[in-house]
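# Report on the structure
Single-letter residue listing:
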Amino acid sequence: MPLRSTPEDAFDAVPDYDYPVSYQSVGDPDMAYVDVAGDGPETFLCLHGEPTWGFLYRKFVPRLSDRGRVVIPDAVGFGRSDKYTDREEYSFRLHYEAFEQFLEALELTDVTLVCQDWGGILGLTLAANHPERFARLVPMNTAIPTGDQEMPPEWEEFRSFVERTDDLPVDLLIQNATATELSEEVLAAYEAPFPDSELLAGAREWPDMVPRKGGGDGAEMTRAAAEKLGEWEKPAFVLFSDSDPITRGNRDPLREHIPTASEQPDVWIEDAMHFLQEDAGEEIADRIVAFVDRT
């Protein structure tokens, strides 16, 4: 099980994300995370997706920290966390158990979960199985797949591209799924965790791992989690962007499935694509704070 970590100097030029970094053992790998104390009693857990890292949430931290602690881990294989160099080492259970161990090790409770993409698939499964640790849910551009859904053509094209390209261009993937024209410094920050191709194994594996009809991994876990979320009683605010062709169709079913979601405003984040944290980070953070205040 070869494990590597990205050299720390690869992150020297990352802009606007100079928070202290901590590390937590989650089995063999170490998971890197940012932990900002904040000024209030709340705890926010922000989970990223493919192929990003905690940097994606940098625009959220100043606003969310007005209400409390902000914890942003990098998934195993991403960001500053340890990375397996063999795609076969990655599985749904590995990611799930890593986050489960992280949650327990940091003794996180009364958590407001803020999650997007794979951060939502894993985070919502985690919340469904450990409701005692979570106070609220904010799923964004994600789903809780049951393993029997057809994926949109745009997703199939994305997965095919990731599989066939020799040199996975993370910066291009980010820019093509963002409405905002990102600076060279920001795009380089998304490339920073992957200075060589061997470190990209996790980013290459995540797309094909999505539980779906005829493929993926972890459907037995997400299916069970979906049943539990159908009885969720705590506040939930489903917050999707209006211009993400891959996840847009998941928004209404998810909002209808989680019983409390319909109690919150029926909101679309306008002029934003898949990485809505880049396109409208400050606006979304304000909406999350307002959600916390009213619940």
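Anything mentioned here points back to the structure above.
These notes cover the structure that comes with them. Small disclaimer: the values here were computed from a predicted structure and weren't measured.

It is worth spelling out the side chain of D244 at this point. Positionally, D244 belongs in the loop between strand 9 (240-241) and helix 9 (251-257). Once residues within four sequence positions are removed from consideration, D244 is found in contact with N141, A272, M273 and H274.

On to the sheet that holds strand 2 (residues 21-25), then. Pairing within the open sheet is mixed, and its 6 strands lie in the order 2-3-5-4-7-8. The open sheet has two edge strands with one neighbour each: strand 2 and strand 8 (134-140). Sheet twist, expressed as the average angle between the axes of neighbouring strands with direction ignored, equals 25 degrees. When strand 4 (residues 42-47) meets strand 7 (residues 111-116), the two strands line up parallel, connected through 5 bridges. Residue pairing in the sheet places F44 in a bridge with T112 of strand 7. Helix-sheet contacts for helix 3 (residues 118-129) involve strand 4, strand 7 and strand 8, and the interaxial angle to strand 7 is about 150 degrees.

The tally for this structure, following the rule as stated, stands at 14 aromatic pairs. A centroid spacing of 5.7 Å and a plane angle of 20 degrees characterise the contact between W53 and F55, whose relative ring orientation is stacked. Taking the relative accessible area as the measure of exposure, W53 reaches 0% and is therefore buried. Between Y84 and Y90, the ring centres sit 5.7 Å apart and the planes meet at 90 degrees, which makes this aromatic pair edge-to-face. Judged on exposure class, the residue Y84 and its partner Y90 are both buried. Every member of this aromatic cluster is reached through a ring pair, and the members are F11, Y17, Y19, W53, F55 and Y190. For the cation-ring pair, R80 lies above F11, with the distance from its terminal atom to the ring centre recorded as 4.4 Å. Lying over the aromatic face of W268, R248 brings its terminal NZ or CZ to 4.5 Å of the ring centre.

Conventions and cut-offs
Residue positions are given per chain, counted from 1 along the sequence in the order it is written. For a predicted model such as this one, the threshold for reporting local features is a pLDDT of at least 70, and the threshold for listing and counting side-chain atom pairs is 80 or more; totals across whole chains, interfaces and linings nevertheless cover every residue. In computing side-chain properties, one takes all heavy atoms of the structure into account and sets aside hydrogens as well as water. In DSSP terms, a helix is any run of H or I states spanning at least four residues, a strand is any run of E spanning at least two, and both are numbered starting from the N terminus. Throughout, a residue-residue contact means that at least one pair of heavy atoms, one from each residue, lies within 4.5 Å. Any two strands between which DSSP finds at least two bridges are classified as paired. As a rule, the C-alpha atoms of each element are fitted with a line to give its axis, helices using only the stretch in contact, and angles between N-to-C directions run from 0 to 180 degrees. Between the rings of Phe, Tyr and Trp (Trp by its six-membered ring), a pair exists once the centres lie within 6.5 Å; its type follows the angle of the planes, with under 30 degrees stacked, over 60 edge-to-face, and the other angles tilted. Each residue is placed in one exposure class: buried if its accessible area under a 1.4 Å probe, protein chains only, is under 20% of its type's maximum, exposed if it is over 50%, and partly exposed if it falls in between. Placement of a charge over a ring requires the Lys NZ or Arg CZ to be within 6 Å of the ring centre, with the centre-to-atom vector within 35 degrees of the ring normal.

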